[in-house]
Amino acid sequence: TQSTWGMLSRLFRHSLQRSSVCVPLIRQVTKFPLQVRIFTTMPTNLHYPTTHRDETVVDNFHGTQVPDPYRWLEDPDSSETQAWVQDQNQVTETYLSHECGDVRTRIHSKISEIFDYPKYSVPFQIGEGDFLRYYFFKNDGLQNQSVLYSQQTVDEEATVFLDPNMLSADGTHSIGAYDFSEDGKWFAYGISKSGSDWMKIYIRSVETGQDIEGEVLDWVKFSDISWTHDNLGFFYCRYDKPASFENGGGDAMLKSAGSEVDTNVYQKVYYHRIGTQQEQDVLILEDRDHPKWMFGPKVSDDGKGLVMSVMEGCDPVNRLWFVDLQQQSLTSGPLTFQRLVDNFDAEYSYITNDGSVYYLRTNLNSPNYKVIKTDLSQPNHLQWIDVIPQGQDVLKNVQCVNEDQLIVHYSHDVHSVLYLYNLRGDLLQQLELPDVGSVDSIWGRKQSKEIFYRFVSFVRAGTIFRYDCLNQVMNLFREVEVKGHDPSLFKTEQVFFESKDGTRVPMFIVSKKDHVRTGSSPTLLYGYGGFNISLPPSFSVSRLMFLTHFNGIFALPNIRGGGEYGDEWHKAGTRERKQNVFDDFQCAAEFLCREKYTNPSRIAIMGGSNGGLLVGACLNQRPDLFACGVAQVGVLDMLRFHKFTIGHAWCTDYGCSDNKEDFEFLIKYSPYHNINPDARYPAVLLATADHDDRVVPLHSFKYIAALQYARAHKPDQKGYPLLIRIDTKAGHGGGKPTSKVIEEWADTYAFIVTSIKATWTD
């Protein structure tokens, strides 16, 4: 019900472990002795590629001259850029092979071994009559992509409904958005290739298990799928074909979607009717006056209305429009919408409706969110009536179940709490959770009499519960066990530290239960801090390997900019307040040192996407505080990010250099523009991919080129490599095949443990 806003707010998300249900092993590894000492001697000479600097490229930002000598690296199709990518990858591979070779192979083997356990999504039920079925995703262990299964009841043996592993030999085709028709006879699903955000939508008959031949919807991006209740078609969003494909001549034929950098503007909403071609789709909504607007169509639970969320960026605000589908025809468009909320003052997410009374989750005058209702039969006199008022905890999600009940998911100090309410706002009961952790998925529908939800923690891979609404009974439905892993051998602490301005910030610290603070433990410090995204406890095989075999510590500070404490926590880390995010992260490292968990020579920092920006800024500002920095798919050029693909949507968090006031604070921390040539940097590894059309690779290209130019030749930098890993047929992280995930984590952790001088133990 809130999936569109969730999708848009995740335009940036780069999860700690990118796929919870994914992963075949592509190479065999040999066994090693019981103990392996990491090769800690750094290379005496790293021969970095010579990167051309074009000193003539200088931009004038509101009277300030800003050089951009690596502008040429913004063209991913040029022969010069492609040759540079090959050269950089060769240097990185040489280093990993020569300096990290033994431990890299050992880590690859161990992660593959631990990852080889079955992974399940929560089941969901859809359909009518003979087509009423349960579905769930499962990965046997090392499959590249998770497989969609179906079954008549949850107790019978399931059969494969759709296996994306059959769509490509290398596992780089993944399922994106999907939805079943209300009668359960049709399945519309998007397929992404090579990790791109672009999807093609296909339509499959549930009865035959076959796709409708020749019926494919192209150029779909940042879109959900929502069926009309007559089961004849669905709403979706798409863009026009990018200009680089339209105008590129022969070169355009060689491109693959996702490698371009064209900006994504003028999204449109269409209605597709089964049995027709995309050219016949009915244009439902577009706005030529607002090129950056994006849309989220959702058919109401009773099928009578279409709720349209209108968004301009990643801020948790939206306009809310509505159309009565019984009063307007879908044979021609556009539709005429009632503009219930026509400003960007707050977020409104559809939950359910009872006739004309609609229930919404909102942050209207409530930074921790609440549930309200309004009667659409009086559109000119709308009244917002509180159903569940704002509380001290953050209301993360609400779903309607059992006709008139709400399952309400709160976050209390960054761990989950579940309650059951009725539509009057009466608390019915609290639903049990086994420990401090997070509920990462919930399924329930208004007409369903049961709820499924999955609980995870830093040491628990996944426990699925089933709640019987009629009998008010909850049972353990499925518990995932990881071979050889005993959760009782680990401990999770939650501590609070003071940031630079005195703000109290929480941090999770995970280690072996018998860990003793000596001030020298290998430590991985991970952060994000942006876009109202929370980082609750989650399970990670690679992290588990680090804790187990390197006696490591994993630290996760929930810094400002995230959504851990509602809108105010988020706003405190945005725009001119972005430095708070970097201060929080640096103060987390100082706390770990002060409290004798570790010391700067043993700390590796890591973050992805917006977290890559975090790492880049902290490396520039405090290179003395860390031994290693890993920035994955990071936003590193803060003056030009808005010019590429969906970057314009991030201006709500960052600001935009086109505005003088915004430029003044962006130039102060933009990683690409603030490299310190006089400071020795820690070992640095950037990671990006050729089909990342979320945060395009040019950010990482330009930053590493500038960093190598400034520091690689300095005598004191010797022994601290400055490298970049550029993956192929991969994107921002979503849908990455398991084989690639394992390879990336093996390379990354090998680099980390070599840099912080950690030792493998069995």
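Here's a quick rundown of the structure. Everything numeric here is computed off the predicted structure, so don't read it as measured data.

**Overview of the overall build of the protein chain**
- Counting its regular elements, the protein chain contains 13 helices and 41 strands.
- Computed over C-alpha atoms, the radius of gyration of the protein chain comes to 25 Å, within 12% of the 27 Å expected from 2.2 N^0.38 for 762 residues, which places it in the range of a compact globule.
- Summarising its shape, the C-alpha atoms of the protein chain cover approximately 75 × 60 × 50 Å along the three principal directions.
- Relative to its full complement of 762 residues, the protein chain shows a buried share of 63%.
- By element, 46% of the accessible surface of the protein chain is carried by carbon and sulfur atoms, the whole surface being about 28,600 Å².

**Observations concerning the environment of Lys718**
- Inspection of the secondary structure assignment puts Lys718 in the loop between α12 (698-711) and β40 (722-727).
- Counting along the chain gives 147 residues from Lys718 to Lys571, while the straight-line C-alpha distance between them is 40 Å.

**A word on the pairing of strand β34 (residues 504-512)**
- Of all 9 residues in β34, 7 are buried, a share of seventy percent or more.
- Summarising the sheet, strand β33 (residues 490-498) and β34 pair through 9 bridges and their orientation is antiparallel. Paired with Val495 across the bridge in β34 is Met507.
- Connecting β33 to the antiparallel partner β34 that follows it, the hairpin turn spans 5 residues, and Gly502 within it adopts a positive phi of roughly 90°.
- Pairing geometry for β34 and strand β36 (residues 553-557), over 4 bridges, is antiparallel. Across the sheet, the residue bridging to Met507 is Pro557, located in β36.

**A few points about unusual backbone geometry**
- Residue Pro334 follows Gly333 across a cis peptide bond; omega there is -5°.
- The phi torsion at Asn402 lies on the positive side, around 50°, for a residue other than glycine.
- Checked against the element boundaries, Asn402 lands in the loop between β25 (394-401) and β26 (405-412).
- Of note, the phi angle at Phe531 is positive, near 60°, even though the residue is not glycine.
- Among the secondary structure elements, Phe531 is positioned in the loop between β35 (523-526) and α6 (541-549).
- For Phe531, a relative accessible area of 0% puts it in the buried group.

**As for the nonpolar core**
- Grouped together as the largest cluster of nonpolar side chains are 156 residues, with contacts concentrated most on Ile107, Met507, Leu525, Trp650 and Tyr654.
- Discounting chain neighbours no more than four positions away, the residues touching Met507 are Glu493, Gln494, Val495, Phe497, Leu525, Ala555, Leu556, Pro557, Ala588, Phe591 and Leu592.

**Quick word on the sheet that holds β33**
- Taking strand neighbours across the sheet as the criterion, the 8 strands line up as β33-β34-β36-β35-β37-β38-β39-β40 in an open arrangement whose pairing is mixed. Sheet topology places β33 and β40 at the edges, where each strand pairs with a single neighbour. Within the sheet, the average angular offset between the axes of one strand and its neighbour, ignoring direction, is 20°.
- Along the sheet face, helix α2 (residues 79-99) touches β39 (683-689) and β40 and points at about 115° away from the line of β40.

**Let's talk about the environment of Arg288**
- For Arg288, the location among the structural elements is in the loop between β16 (282-285) and β17 (294-299).
- Judged by relative accessible area, which is 46%, Arg288 ranks as partly exposed.

**Quick word on the packing of aromatic side chains**
- A full pass over the atoms with the stated rule returns 51 aromatic pairs.
- Ring centres 5.9 Å apart and planes at 50° place the aromatic pair Tyr178 and Phe187 in the tilted group.
- By relative accessible area, which is 31% here, Tyr178 ends up partly exposed.
- Among the aromatic residues, those joined into a cluster by ring pairs are Phe124, Tyr135, Phe137, Phe161, Tyr178, Phe180, Phe187, Tyr189 and Tyr202.
- The ring centre of Trp198 lies 4.3 Å from the NZ or CZ of Lys221, which sits over that ring.
- The ring of Tyr120 is capped by Arg478, whose NZ or CZ atom sits 4.0 Å from the centre of that ring.

**Comments concerning the side chain of Thr362**
- As for its position among the elements, Thr362 is in strand β22 (residues 357-362).
- By relative accessible area, Thr362 is classed as buried at 0%.
- A polar atom in the side chain of Thr362 sits 2.7 Å from the backbone oxygen of Glu347.

**Details of the pattern of salt bridges**
- This model, assessed by the stated rule, comprises 47 salt bridges.
- Note that Asp386 is salt-bridged to Lys370, the shortest N-O span being 3.1 Å. Of this pair, Asp386 sits in strand β24 (residues 385-388) while Lys370 sits in strand β23 (residues 370-375); the two residues are 16 residues apart in sequence, bridging distant segments of the chain.

**So, the packing of helix α3 (residues 101-115) against α6**
- Direction vectors running N to C along α3 and α6 enclose 120°, while the axes themselves pass 9 Å from each other. Considering the angle they form, α3 stands oblique to α6. In terms of crossing hand, the pair formed by α3 and α6 is right-handed. Of the residues in α6, those in contact with Ile107, Lys110, Ile111, Ile114 and Phe115 of α3 are Val541, Ser542, Leu544, Met545 and His549.
- Here the residues of the contact of α3 with α6 sort into 7 nonpolar, 2 polar and 1 charged.

**Some words on the sheet that holds strand β31 (residues 463-468)**
- The 4 strands are arranged β29-β30-β31-β32 in an open sheet whose pairing can be described as antiparallel. What marks the edges here is a single partner per strand, and that holds for β29 (438-443) and β32 (473-479). Here the average twist between neighbouring strands, direction ignored, is 25°.
- As defined by bridge partners, β29 adjoins strand β30 (residues 450-456) across 5 bridges and the pair is classed as antiparallel. Bridge assignment links Ile442 to a residue of β30, and that residue is Tyr453.

**Looking at α3**
- Over its 15 residues, α3 extends 21 Å from the first C-alpha to the last, a length consistent with the 21 Å expected when each residue adds 1.5 Å.
- Within α3, 12 of the 15 residues are buried, which leaves the element mostly enclosed by the surrounding structure.
- What α3 keeps buried is the set Gly101, Val103, Arg104, Arg106, Ile107, His108, Ser109, Lys110, Ile111, Ser112, Ile114 and Phe115.

**Quick notes on the environment of Gly566**
- Note on placement: Gly566 falls in helix α7 (residues 566-571).
- Residues Gly566 and Tyr720 lie 154 residues apart in sequence; the distance between their C-alpha atoms is 39 Å.
- The residues contacting Gly566, other than those within four sequence positions of it, are Pro367, Asn368, Val394 and Asn532.

**Focus on the state of the cysteines**
- Under the defined criterion, the tally for this structure stands at 0 disulfides.
- We note that Cys237 lacks a disulfide partner, and the nearest cysteine sulfur, in Cys314, lies 15 Å from it.
- With a relative accessible area of 0%, Cys237 lands in the buried category.
- With no disulfide of its own, Cys469 has Cys400 as its nearest cysteine by sulfur position, at a separation of 9.9 Å.
- What makes Cys469 buried here is its relative accessible area of 4%.

Parameters and conventions
- Residues numbered from 1 in each chain as written.
- Predicted model: local features only at pLDDT ≥ 70, side-chain atom pairs only at ≥ 80, totals over all residues.
- Heavy atoms only, no water.
- Helix = DSSP H or I, 4+ residues; strand = E, 2+ residues; numbered from the N terminus.
- Rg over C-alpha atoms; globule rule 2.2 N^0.38 Å.
- Buried < 20%, exposed > 50% of the residue type's maximum accessible area, 1.4 Å probe, protein only.
- Areas by Shrake-Rupley, 256 points an atom, 1.4 Å probe, with all protein chains shown as cover.
- Pairing = 2+ DSSP bridges.
- Core = buried A, V, L, I, M, F, W, Y, C linked by side-chain atoms within 4.5 Å.
- Contact = heavy atoms within 4.5 Å.
- Axes fitted to C-alpha atoms, helices over the stretch in contact; angles between N-to-C directions.
- Phe/Tyr/Trp six-rings, centres within 6.5 Å; stacked < 30°, edge-to-face > 60°.
- Lys NZ or Arg CZ within 6 Å of the ring centre and 35° of its normal.
- Polar contact = N/O pair within 3.5 Å; in protein donor to acceptor, adjacent residues only side chain to side chain.
- Salt bridge = Lys/Arg side-chain N within 4 Å of Asp/Glu carboxyl O.
- Parallel < 35°, antiparallel > 145°, perpendicular 65-115°, else oblique.
- Left-handed = near helix turned anticlockwise from the far one by under 90°.
- Nonpolar A, V, L, I, M, F, W, Y, C, P; charged D, E, K, R; others polar.
- Expected span 1.5 Å × (residues − 1).
- Disulfide = S-S within 2.5 Å.

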